[in-house]
Amino acid sequence: MLAFSHCVLVFCGLHLFYSQADACSHPYPKIGQSCYLLNYERVTWNTAYMRCLSYGGHLAVFETLDELLLMSEDLKKRNDRRNFHIGGRNINRHISGGDWRWIWNGKMIKMNYYSSGPGQPNGSYAKPQDCLFINSSNVFDVRCDYGNRGFACEK
Ligand SMILES: *[C@@H]1O[C@H](CO)[C@@H](O)[C@H](O)[C@H]1NC(C)=O
Ligand SMILES: *[C@@H]1O[C@H](CO)[C@@H](O)[C@H](O)[C@H]1NC(C)=O
């Protein structure tokens, strides 16, 4: 009897897990295996970060290159030429080239690939550009207080 109820619980757990991974709840469309929401309100990176949290998500992080490529291809396919803040940030300007991390859920996950365009990121200690944005051509760094970008939330 004990073993039986245990199995039922495991089965329920798996079922919940799969149905969550399969469906992206409205208004988050599914791109690849993740759920993203592109927001066209133009704000600074910090504001974008807060907005995504208040929507119950977080600023989009692309821990693997395939996630980034899928987002990029989706923007191209829809001919969307706008710019969107994403959850990447330089946490140490004192290091040449910076120390780039995905900021998410209290973590600072080290970026293990770099997919920015030629000459990017090009911030420096004197001219900091510590925040990342994406558009259909690539990933770029920009001043964090630059308030003229939309943003991509993930849930
Ligand atoms: C993406 O942003 C870069 C840097 O601002 C810009 O040079 C490029 O033209 C943008 N791409 C598109 C498709 O707008
Ligand atoms: C970094 O590159 C971008 C795109 O080419 C350019 O618009 C920007 O002025 C550059 N920033 C610095 C600090 O060189």
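Everything below is about the structure shown above.
Since the model is a prediction, treat every value here as computed from it, not as a measurement.

Trainee: How do you make sense of the site of ligand 2 when you look at a structure like this?
Mentor: Around ligand 2 sit Q120, N122, K127 and Q129, and that is every residue in its neighbourhood. Interatomic distance of 2.9 Å between a side-chain N/O atom of Q120 and an oxygen atom of ligand 2. Summarising the interface, the protein chains cover 40% of the accessible area of ligand 2, which totals 360 Å² for the free molecule.

Trainee: Which parts of the structure should I look at to understand the site of ligand 1?
Mentor: Lining the immediate surroundings of ligand 1 are R81, N83, F133, N135, S136, S137 and F140. A distance of 2.3 Å separates an oxygen atom of ligand 1 from a polar atom in the side chain of N135. Burial of ligand 1 by the protein amounts to 59% of the accessible area it has alone, namely 360 Å². Here the residues of the shell around ligand 1 are counted per class, giving two nonpolar, four polar and one charged.

Calculation rules
Residues numbered from 1 in each chain as written. Chains lettered and ligands numbered in written order. Predicted model: local features only at pLDDT ≥ 70, side-chain atom pairs only at ≥ 80, totals over all residues. Heavy atoms only, no water. Near = heavy atom within 4 Å. Polar contact = N/O pair within 3.5 Å; in protein donor to acceptor, adjacent residues only side chain to side chain. Areas by Shrake-Rupley, 256 points an atom, 1.4 Å probe, with all protein chains shown as cover. Nonpolar A, V, L, I, M, F, W, Y, C, P; charged D, E, K, R; others polar.

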